There are 2 protein chains.
Amino acid sequence: MPYSSDHKQQSREKILDSALYLFTRHGYDSITIDQLMKHAGLTRGAFYAHFANKSEVYAEAILAALQRRPEMMPADDNLNDKDWLKQLFFNYLSHEHVNEKSSACPLAFLATDVANRDPAARDAYTEVYKQLSRLIGDKLMPHADHRSAFAITAMMIGGVALCRALSETKTSEQVLDSCRQTALRLLEESGTNP
Amino acid sequence: MPYSSDHKQQSREKILDSALYLFTRHGYDSITIDQLMKHAGLTRGAFYAHFANKSEVYAEAILAALQRRPEMMPADDNLNDKDWLKQLFFNYLSHEHVNEKSSACPLAFLATDVANRDPAARDAYTEVYKQLSRLIGDKLMPHADHRSAFAITAMMIGGVALCRALSETKTSEQVLDSCRQTALRLLEESGTNP
DNA sequence: GTCTATAGAAAGATAGAC
DNA sequence: GTCTATCTTTCTATAGAC
């Protein structure tokens, strides 16, 4: 065995990193296996030593997002839950996110892309979404109804997906601004609505 | 000229109807010109008498949505603005919409699909979005800040796009329910927040 | 495990008959 | 204007050398 099992694992991780990066930004159909492998520093043929086909690496890449640490997530250390959420809302509903300056959330970037894929991809997407909504729901708990986490995440995902599709910066600004304000309002006012 | 100009116009409309139907449900890349023309009752070759290429018909199809009457829109007649909005929220944030039983909104179904297309498609999408947000904003005006229309539309679009991607019916139910409740809440409580 | 080379299929776009 | 036939490109997936 001229290549160690560790080396194979490293290649696999490199491919998954590239897949998450490229698929999230350009969608499933726009990325070829050739592009993917070149981005990972390998060639086309090596791909099939790691994955059975293109749709498999797509689903795996979405799941891999759970292992990576998104820059948008505030560092847990000194923030209370409310401030942590505020920070997340601002990071997520930002131009930096829409324009992919920071890491790009597959939930927002692949929402309609995943809907047209196979069950494995949708399962992976569902798993990532459940983790995000649970995280937000838990931090929301003392302040708001746990269930409003679903509406807030839908607004976050929808706001970013929408702005990425829009061609007018001005409208995009208005959408992000309105979503940020409304997210804060839902957080602040939730105590008054038991 | 063996074919009247009216006949050509009719063919064009048939193609646009099919394009709106198919692209919205399956995305740009999944639909071939062959499928599109068969759905419209014509053959591949005839396509290029109407459109220069595939990306052109995609943008035109999105714009065509403005001419069609979506079943989700409540009939204007007897409803006041607030009830009209409530009705729209329930129609839009429904399983019938997610599962394409009624007409499918391209804003929700194509959000991330359009982001990967050319400027013409994004311009068309932007135009449709501006019309929806203006309509909702105007009806919201007496009750709420005009600008909260952007957050509400983002939640509607995000909620439907999200549910279409999810593979768990239960989670999907929770998302739609939470979005409906929150949309109503934003409508009801808006008066208290000048 | 990774490489180059290639088979095989799919789909966008064009040509020419009617 | 619409049809059938075809050119051409692109891309997934496989084969075989190292």
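Structure's up top.
**A few points about the packing of helix α9 (residues 148–165) of chain B against helix α10 (residues 169–189) of chain B**
Residue and element names in this part refer to chain B. Interhelical geometry of α9 versus α10 gives an angle of 170° and a closest axis separation of 9 Å. One element, α9, and the other, α10, form an angle in the roughly antiparallel class. Counted together, Ile152, Met155, Gly159, Leu162 and Cys163 of α9 and Ser172, Val175, Leu176, Cys179, Thr182, Ala183 and Leu186 of α10 form the full contact between these two elements. Here the contact of α9 with α10 is composed, by residue class, of nine nonpolar, three polar and no charged.

**Here we look at the relation of the copies chain A and chain B**
Between the two copies, chain A and chain B, the superposition gives an RMSD of 0.0 Å; the rotation angle is 180° and the shift along the axis is 0.0 Å. Both chain copies can therefore be described as sitting about a two-fold axis. If distances are taken from each C-alpha of chain A to the rotation axis, the shortest is found for Gly158 of chain A, at 1.7 Å. Interface overlap between copies: 100% of the residues of chain A at the interface are likewise at the interface in chain B, consistent with a symmetric, same-surface contact.

**Points about the interface of chain A and chain B**
Listed per partner, the contact involves 49 residues of chain A and 49 residues of chain B. Note on chain A versus chain B: buried area summed over both sides is about 4,000 Å², and carbon and sulfur give 56% of it. Taken together, the links from chain A to chain B amount to two salt bridges. A salt bridge links Glu168 of chain A to Lys130 of chain B; its shortest N-O distance comes to 2.9 Å. Put simply, chain A and chain B have 21 residue pairs in polar contact (both at pLDDT 80 or more) between them. Those elements that place two or more of their residues in the side of chain A that touches chain B are α1 (5–26), α6 (106–109), α7 (111–115), α8 (119–140), α9 (148–165) and α10 (169–188) of chain A. Looking at the side of chain A that touches chain B, the element that brings in the most residues is α9 of chain A, giving 12 residues. Class assignment of the residues belonging to the side of chain A that touches chain B gives a composition of 20 nonpolar, 17 polar and 12 charged.

**Regarding the packing of aromatic side chains**
All names here are of chain A. Across all of its chains, the model carries 11 aromatic pairs over all chains by this definition. Their ring planes at 80° and their centres at 5.1 Å tell us that Phe23 and Tyr58 sit as a pair that is edge-to-face. Note that Phe23 is positioned in helix α1 and Tyr58 in helix α3 (residues 54–64), a separation of 35 residues in sequence. Each member of the pair, Phe23 together with Tyr58, is buried. One aromatic cluster is present, formed by Phe23, Tyr28 and Tyr58 through successive ring pairs. The ring of Tyr21 carries Arg25 above its face, with NZ or CZ at 3.8 Å from the centroid. A cation over an aromatic ring shows up here: Lys139 above the ring of Trp84, its NZ or CZ 4.6 Å from the ring centre.

**Here we look at the packing of α9 of chain A against α9 of chain B**
Contact pair α9 of chain A / α9 of chain B: the axes reach a minimum separation of 7 Å and the direction vectors enclose 95°. Taken together, the axis directions place α9 of chain A and α9 of chain B in an arrangement best described as roughly perpendicular. Contacts between α9 of chain A and α9 of chain B involve Ala151, Ala154, Met155, Ile157, Gly158, Gly159 and Leu162 of chain A on the former and, on the latter, Ala151, Ala154, Met155, Ile157, Gly158, Gly159 and Leu162 of chain B. In terms of residue class, the contact of α9 of chain A with α9 of chain B is built from 10 nonpolar, four polar and no charged.

Reading guide: rules and limits
Residues numbered from 1 in each chain as written. Chains lettered and ligands numbered in written order. Predicted model: local features only at pLDDT ≥ 70, side-chain atom pairs only at ≥ 80, totals over all residues. Heavy atoms only, no water. Axes fitted to C-alpha atoms, helices over the stretch in contact; angles between N-to-C directions. Helix = DSSP H or I, 4+ residues; strand = E, 2+ residues; numbered from the N terminus. Parallel < 35°, antiparallel > 145°, perpendicular 65-115°, else oblique. Contact = heavy atoms within 4.5 Å. Nonpolar A, V, L, I, M, F, W, Y, C, P; charged D, E, K, R; others polar. Least-squares fit on C-alpha atoms with pLDDT ≥ 70 in both. Buried area = accessible area lost by both parts, 1.4 Å probe. Salt bridge = Lys/Arg side-chain N within 4 Å of Asp/Glu carboxyl O. Polar contact = N/O pair within 3.5 Å; in protein donor to acceptor, adjacent residues only side chain to side chain. Phe/Tyr/Trp six-rings, centres within 6.5 Å; stacked < 30°, edge-to-face > 60°. Buried < 20%, exposed > 50% of the residue type's maximum accessible area, 1.4 Å probe, protein only. Lys NZ or Arg CZ within 6 Å of the ring centre and 35° of its normal.

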